[in-house]
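Residue-level listing of the chains:
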Amino acid sequence: MGETSPREEIEKKICTAKRAARSELSISRREWCKNGYAHSNVLSTDGLLDVAERTRCQDLSVSDFVKLYEQPRLPVVITGLADAWPAKNEWTEHHLEERFGQHRFKVGTDDDGYAVRLELCHFLHYMQSPNHALVDDSPLYIFDATFGDRHSSRSMLNDYKIPPYFREDLFQFAGKHRRPPHRWFVMGPARSGSSLHIDPLATNAWNTLIKGRKRWALFPPGTPKKAVLPSILGVDSEAVSWFYHVYPYTQSADWPTAKPIDIIQEAGETVFVPGGWWHAVLNLETTIAVTHNYASSSNFLRVWKHSLRSRPKMSAKWLLALRQQRSDLAAIAQENRDRDCLGAFTHSSTSSSSSCSTSSSSSTSTSTSSSSTSSSSCSSSTSSSTSSTSTSTSSEGCPNSVEVADDSHTAKRRKTEDSCRGDG
Ligand SMILES: O=C(O)CCC(=O)C(=O)O
Ligand SMILES: [Fe+2]
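Being a predicted model, the structure only gives us computed values, none of them experimental. (Residues numbered from 1 in each chain as written. Chains lettered and ligands numbered in written order. Predicted model: local features only at pLDDT ≥ 70, side-chain atom pairs only at ≥ 80, totals over all residues. Heavy atoms only, no water.)

1. Describing the coordination of the iron ion (ligand 2)
1) Next: Taken together, the protein donors to the iron ion (ligand 2) comprise His197 (NE2), Asp199 (OD) and His279 (NE2), at separations of 2.0 to 2.1 Å.
2) Next: Going along the chain, you hit the donors of the iron ion (ligand 2) in the pattern H-x1-D-x79-H. (Donors = N, O, S within 2.8 Å, 3.2 Å for Na, K, Ca; no water.)

This is how it looks when you write it as structure tokens:
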């Protein structure tokens, strides 16, 4: 038996990752490109009207952001936030390969919920390969929630700064090991993307694009799932399929619900996605981005309610810390929980959650009150992005998660997903 060449080795690793991430698709029967999207017009933006509001960070104070966008839950595109980020120079394929070529980033989730990882140098090879990403209908996509926690990729945290609008970050009080996944390094070729979903726990999100162009479609909170995710025979749940098959209906006269807000995000732009908005994202070319999800005073009650229901233990810890750090919000949370419990008891103990049990202590401590809402909102000011250096493994969830009732999102999720098979 002959030795396998380095090329064959790489090919083997790529195919192993592809099989694990999409076990329903046969590589040898060319099912990865059976829809021929690579030869379709799915990446065309002809006639698309980007009517999203855009504002320069120099013109938007933190308090105006809260008043104009965060509280009313309106999406906005903010420009200029990344102007001074090292990522602008550092996050090219070339430099990333030099720094992190051997680091294994998450490129998918297998059938058992484990992370599928590929070395960056192999992923870069995949992206340029005429046998792979150049023809795959819905290529593999790096969506990695642990880059900031793992020793070999942690320095990426120094390449960007959390913009001042998003610094309140109330989940920091849940503790670094318990807090839900909240930041992702995102990189993928044309036609990769995030299928239609609502972000988990009703959190808000920001997404800053360093390279390439992304197409977004957003629907407001309350838009019925069955309207925006109709089951169309033979259509899978990939972003590219949604844009190819469903999006055209949104433009027809009998589209039953809100029209989407279309955004073409350019490099250097930050999209703010308020909680509860459906969104689908398609990479129009190779893109590199960073995205965070967060809770703030504006969305706290909604996030608290979702957390209490789906993460009761984390919520109990979170509440304890909020009592110390933010007694104003702890009081809101406590009141909501008490009301919830009362409801559960008066409805004769068929109570939904264990959230009624774990309380303790009183909220005597003082509040450090809300995050600073100082004036300058552009990038170069101080950052709080490095709050966590934990090495979260198994409970590390999901990238573009929808852990909401909706299971709609492809990439983010599940408790085990950031541990690989064989991880200890
Ligand atoms: O860049 C993308 O693919 C979208 C990310 C997203 O929607 C998410 O992280 O929730
Ligand atoms: Fe999302």
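Text resumes after the structure shown.
2. Thoughts on the pattern of salt bridges
1) Next: Tallied over the entire structure, the rule returns 21 salt bridges.
2) Next: Notably, a salt bridge pairs Glu90 with Arg99, separated by 2.9 Å at the nearest N-O pair.
3) Next: On the basis of relative accessible area, Glu90 is assigned to the partly exposed category, the value being 25%.
4) Next: By sharing partners, the salt bridges in this structure join Arg22, Glu24, Asp236 and Glu238 into a single network. (Salt bridge = Lys/Arg side-chain N within 4 Å of Asp/Glu carboxyl O. Buried < 20%, exposed > 50% of the residue type's maximum accessible area, 1.4 Å probe, protein only.)

3. Structural notes on the sheet that holds strand E2 (residues 76–79)
1) Next: Pairing is mixed across the open sheet formed by seven strands, whose spatial order is E1-E2-E11-E8-E13-E6-E5. For this open sheet the edge positions go to strand E1 (54–56) and strand E5 (142–144), each flanked by a neighbour on one side alone. On average, each strand axis in the sheet is tilted by 20° relative to the strand beside it, whichever way the strands run.
2) Next: Across the sheet, helix H5 (residues 120–128) lies against E5 and strand E6 (183–188), angled at about 40° from E6, the strand it touches most. (Pairing = 2+ DSSP bridges. Helix = DSSP H or I, 4+ residues; strand = E, 2+ residues; numbered from the N terminus. Axes fitted to C-alpha atoms, helices over the stretch in contact; angles between N-to-C directions. Contact = heavy atoms within 4.5 Å.)

4. So, the confidence of the model for the protein chain
1) Next: With 81% of its residues at a pLDDT of 70 or more, the protein chain shows a mean pLDDT of 86.
2) Next: Of the regions scoring below 50 in pLDDT, residues 357–376 engages in 32 contacts with residues more than four places distant in sequence or in other chains.
3) Next: Every residue in residues 379–417 is under pLDDT 50, and counting partners more than four places away or in other chains gives 145 contacts. (pLDDT = per-residue confidence, 0-100.)

5. Focus on the packing of aromatic side chains
1) Next: What the rule picks out here adds up to 28 aromatic pairs.
2) Next: Here Tyr141 and Phe143 contribute two aromatic rings whose centre-to-centre distance is 5.3 Å and whose plane-to-plane angle is 90°, an arrangement assigned as edge-to-face. Both residues of the pair, Tyr141 and Phe143, belong to the buried class.
3) Next: Centroid distance Tyr165 to Phe166: 5.8 Å. Interplanar angle 70°. Geometry classified as edge-to-face.
4) Next: Across from the ring centre of Trp32, 4.6 Å away, lies the NZ or CZ of Lys18, which sits over that ring.
5) Next: The ring of Trp32 carries Arg22 above its face, with NZ or CZ at 5.8 Å from the centroid. (Phe/Tyr/Trp six-rings, centres within 6.5 Å; stacked < 30°, edge-to-face > 60°. Lys NZ or Arg CZ within 6 Å of the ring centre and 35° of its normal.)

6. Side note on the sheet that holds strand E12 (residues 278–283)
The strands making up a sheet are joined through hydrogen bonds of the backbone, oriented either antiparallel or parallel.
1) Next: Taking strand neighbours across the sheet as the criterion, the four strands line up as E7-E12-E9-E10 in an open arrangement whose pairing is antiparallel. Each having just a single partner strand, strand E7 (193–197) and strand E10 (261–266) make up the two edges of the open sheet. Neighbouring strand axes in the sheet, compared pairwise and without regard to direction, differ in orientation by 20° on average.
2) Next: Two strands pair when backbone bridges link them, and E7 and E12 are joined in this way by three bridges, in the antiparallel orientation.

7. Re the nonpolar core
Note that soluble globular proteins tend to have their nonpolar side chains buried in a common cluster.
1) Next: Judged by nonpolar contacts, the single largest core of 48 residues is most densely connected at Phe65, Trp91, Phe166, Phe185 and Met187.
2) Next: The leading source of residues in this core is H5, at five residues.
3) Next: Sequence-distant contacts of Phe65, defined by excluding residues within four places in its chain, comprise Leu60, Glu70, Val76, Ile78, Tyr165, Phe166, Phe272 and Tyr294.
4) Next: Core analysis: the second largest hydrophobic core is formed by 19 residues, Ala202, Ala295, Trp318 and Ala330 among them. (Core = buried A, V, L, I, M, F, W, Y, C linked by side-chain atoms within 4.5 Å.)

8. Section: H5
1) Next: Taking burial as the measure, the nine residues of H5 include seven buried ones, the bulk of the element.
2) Next: Those residues of H5 lying buried are Leu120, Cys121, His122, Phe123, Leu124, Tyr126 and Met127.
3) Next: Against the buried residues of H5 lie helix H1 (6–21), helix H4 (93–100), strand E3 (104–109), strand E4 (115–119), E5 and E6.

9. Concerning the pairing of strand E9 (residues 213–219)
Remark: a regular strand shows side chains that alternate across the two faces of the sheet.
1) Next: Most of E9 sits out of view: six of its seven residues are buried.
2) Next: Relative to E10, E9 is paired through six bridges, and the arrangement is antiparallel. The residue of E10 that forms the bridge with Ala217 is Asp262.
3) Next: Bridging between E9 and E12 involves six bridges; their strand directions are antiparallel. From the neighbouring strand, Trp216 faces E12, where its bridge partner is Val281.

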